[in-house]
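Residues per chain are reported as follows:
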Amino acid sequence: MTLSVTPMDPVEIDRIRILPDAGVGSLRTDRGNLPLDRLDVQASISGLVARTTVTTEFVNAFDTALEATYIFPLPDRAAVTAMTMTADGRTVAADLQERAAAREAYDRAIESGRRASIAEQERPDVFTMRVGNILPGERVTVELVLVGPLPWEDGAATFRFPLVVAPRYVPGTPLPGPAVGSGRAADTDAVPDASRITAPVLLPGFPNPLRLSVGVDIDPAGLPLGEIRSSLHTVTREGTRIEIAPGERADRDFILRLPYAGDGSGAVCVPDGGAEGTYQLVLVAPDDDAATAREKDVVLLLDRSGSMGGWKMVAARRAAARVVDTLTAGDRFAVLTFDNRVDRPADLGEGLSHASDRHRFRAVEHLSRADARGGTELLAPLREGLTLLAGAGDRDRVLVLVTDGQVGNEDQILAEITPLIGGTRVHTVGIDRAVNAGFLGRLAALGAGRCELVESEDRLDEAMEQIHRRIAAPVLTDVTITGEGFTVEPAAPRTVFPGVPLVVFGRYTGAAGRALTVRGRTRTDQDFVREVPVHLGAEPAVTAQWARACLRDLEDRYAAGERDLEQRIVATSLRYGVLCRFTAFVAVDSRVVNEGGETRRATQPVEAPSGWDMFSAPTISPAAMPMGIAAAAPMAPPAPGSAAFAPMRKPARTGPAPFAAMPASLQASGRLGRAAAPAGAALTVAGLRAIVEVEAARLRDAETRSAFERRDLLADLASRLGALLEDMTGDELKGLRALIERLRAGGGLEEKWAAAREALEAFAPPPPPARKAFWKR
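What counts, and where the lines are drawn
Residues numbered from 1 in each chain as written. Predicted model: local features only at pLDDT ≥ 70, side-chain atom pairs only at ≥ 80, totals over all residues. Heavy atoms only, no water. Buried < 20%, exposed > 50% of the residue type's maximum accessible area, 1.4 Å probe, protein only. Helix = DSSP H or I, 4+ residues; strand = E, 2+ residues; numbered from the N terminus. Pairing = 2+ DSSP bridges. Polar contact = N/O pair within 3.5 Å; in protein donor to acceptor, adjacent residues only side chain to side chain. Contact = heavy atoms within 4.5 Å. Salt bridge = Lys/Arg side-chain N within 4 Å of Asp/Glu carboxyl O. 1 Å grid on protein atoms, 1.4 Å probe; cavity = no way out; pocket = protein on both sides within 12 Å on 5 of 7 lines; lining within 4 Å. Points joined across faces, edges and corners; volume = space filled by probe spheres on them. Nonpolar A, V, L, I, M, F, W, Y, C, P; charged D, E, K, R; others polar. Axes fitted to C-alpha atoms, helices over the stretch in contact; angles between N-to-C directions.

Let's shift gears to the pairing of strand E11 (residues 156-161). The element E11 is largely enclosed, with a buried count of six among its six residues. Neither face of E11 is left uncovered, since the one carrying Ala156, Thr158 and Arg160 and the one carrying Ala157, Phe159 and Phe161 both have all their residues buried. Relative to E11, strand E10 (residues 152-153) runs antiparallel, the two sharing two bridges. Considered in E11, the bridge of Trp152 is made with Ala157. As consecutive antiparallel partners, E10 and E11 are separated by two residues, and within that stretch Asp154 has a phi angle of approximately 50°, a positive value.

Let us look at the side chain of Asp404. With respect to the helices and strands, the residue Asp404 is situated in the loop between strand E24 (396-403) and helix H6 (410-421). Note on Asp404: relative accessible area 0%, which makes it buried. For Asp404, the side chain forms a polar contact with the side chain of Lys312, separated by 3.0 Å. If sequence neighbours within four positions are ignored, Asp404 has contacts with Asp303, Ser307, Met308, Lys312, Ile431, Asp432, Val435, Asn436, Leu440 and Trp612.

What follows is about the sheet that holds strand E30 (residues 502-509). In spatial order, the strands read E28-E30-E19-E18-E32-E31-E27-E29; together these eight strands make up an open sheet with mixed pairing. The two strands at the open ends of the sheet, each matched to only one other strand, are strand E28 (487-488) and strand E29 (494-496). Pairing analysis gives seven bridges linking strand E31 (residues 515-522) to strand E32 (residues 527-536), with the strands arranged antiparallel. Note that in E32 the partner of Gly520 across the bridge is Phe528.

Structurally, His366 is set in helix H4 (residues 357-368). The buried category is assigned to His366, whose relative accessible area is 9%. Side chain to side chain, His366 and Thr337 meet in a polar contact 2.9 Å long. Setting aside residues no more than four positions away along its own chain, His366 makes contact with Val335, Thr337, Asp343, Arg344 and Pro345.

Turning our attention to the pattern of salt bridges. Inspection of every chain in the model, using the stated rule, returns 71 salt bridges. Taking the shortest distance from any N to any O, the salt bridge between Arg557 and Asp553 comes out at 3.9 Å. Of this pair, Arg557 and Asp553 both sit in helix H9 (residues 540-559), separated by four residues, roughly a single helical turn. Accessibility expressed as a relative area gives 41% for Asp553, which makes it partly exposed. Among the charged side chains, a salt-bridge network with shared partners connects Arg99, Arg103, Asp107, Glu120, Glu122, Arg130 and Arg196.

As a further point, take empty space enclosed by the protein. Enumeration according to the criterion identifies 10 cavities of 30 Å³ or more in this entry. Space inside the second largest cavity adds up to approximately 80 Å³. Lining the second largest cavity are 13 residues, with Tyr70, Leu163, Leu210, Val606 and Glu607 positioned closest to its centre. It is strand E3 (residues 66-73) that provides the largest number of residues to the lining of the second largest cavity, a total of four residues. Residue classes in the lining of the second largest cavity are distributed as 11 nonpolar, one polar and one charged.

Another point: the sheet that holds strand E8 (residues 126-134). Here six strands make up an open sheet; going across it, the order is E6-E33-E7-E8-E3-E34 and the pairing mixed. Of all strands in the sheet, those with a lone pairing partner are strand E6 (95-98) and strand E34 (600-603), marking the two edges. If you compare each strand with its neighbour and ignore which way they point, the axes differ by 20° on average. When E3 meets E8, the two strands line up antiparallel, connected through seven bridges. Across the sheet, Leu66 pairs through a bridge with Ile134, a residue of E8.

The following block contains the structure:
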């Protein structure tokens, strides 16, 4: 297993050992892989609600304390409601705090030598966990509790649990200054937190890096249940208990499909204890197949970027061709294929073309020649497609995007296309075994459309039949909900598609009444009115799911430019105890277990996603990978007799490269690590300047410390600078040499401190003011 921490010096490299039985390129110690040893997912499904406990177990096989970072996925619509940390027989319940305060509490705990853990949301379905001060030989377990809805479409509910964050294309210009995370990609102006969503990736040949277990207990809650199917993993079944087979890997989503009979319509109100509460409404609207389809304008966008190689490209071409084949003579359409450039079919021009047989043939011919290449520049084709549809008049406007969604600039895309969508209905088709479901769902919701996920070629025909029905026309539009005898908070009108029930979570005031009334317009422009009887309940999962849905909506609006929503988002998250982008769960043990707080920092590498050709090819060129993807590659065998493990070197960032890059945890939180020059390496002035910048930051951070601590810092500074300058020459070093003499001579602390600050900052000016917090971009 490879770790992304402070780069090695040559002495450390000489101590590396690769065991002969460890597999191709597998980096191990004689005490096992690190740092994540076990991932356990236990879910309990009741009807259309899943309650899940996720357990991560970290182990430290080093001789020093460890701080581990894990970038991991969770279902994008699930509400994370609790976290605990267990070590040495002690369990600590986490507090949900405003994110900056939680990070500060975590940093203070690690610096003081106490165990601590923190869980943060980076995207609706991407999270970061850090666990610090794991003692040598110790195991620390962190549990997350979440609850979420099961999507139910065409008579079947789907339980989808993602197990790996796939690499994502990171566009934009690299930002100056330290990274905000410990991932492999540089932060950019388009993706300011790229280093927090791009975990190192293990190349093929590594043994299974962790013990994976998944168990699901199913209670149909009175609905007749048919045959349960697992799409991508081998499972065993005993009654209504499903378990993943031993040895399965965390390289693709875990997916169960549960065919329920009946429509499950109903409504429940859950009082808060006062004069308000939360309701859930489920309604299956009748589908009038006899209704005449309206003429429509359709723009089809097909992603042909590098990550779409292999079976995904074959499935995407088939899916796109099926969309073209369903068009009628009265429709108009355009087809755009894209990677880092946008292409069109020959002879179809720049605008919308009538869906004649000849034009549809040309479009399918163009799609059949699309091969995977380049990067996923998604914003430009979305802009172009929405612009084409802007002048459609009274015709239905539909945009269909076929992609794996593996981009990092989701917020930038949502912010820029929101003003362009207007009345265009946006449908997304996600094709991948580790799809970016969170983003594709957000995009479809923004365009009042549907997101359909295809995890294998076997499911493509079934999925495309559903997509065809939903592209044609919705069953209901302008759907609103009112309460009979109580007040329901108003919400934006909704749309209902064939085979998809209306599922709404909302808030109400007053005592819950007898019914909720649903009103809307049918395909034939007729009024639709339906009363749904209300039942009182006491299920906290309803409130948590509403809070999660509300937070996701507010976060999307924030990303689209409504910056005044931040305090409302934080207040909603804290009130209902549901994690969001601006809050974090933090658990801190009261005991000091690591005096001094010195730790080795490690970032957990993840598996290459199943079905990605770029990782399964015999020889993988870095140029063939999407921007921002860096793989953990095999290392050369070390010198004979070496015994200890050392982490791999992290790729250098742009600009002057110091001999020791700043640790990722320093970049994210402000803690400073000690730098040490590599044995036998000639130190350049540029390298020295990078070290001095770290030393200057150390003094700035220590400004308020005690006189005793600051005196020790100056003595250490003089010693380090003297060793660094011993073999260096040049007039530019005069100021530093004078500082060394000043620090070694007598004099008062304040005068020496001021002189040190002045000399260090003259040689290495401080960096520009810190960028805005990455979760507030």
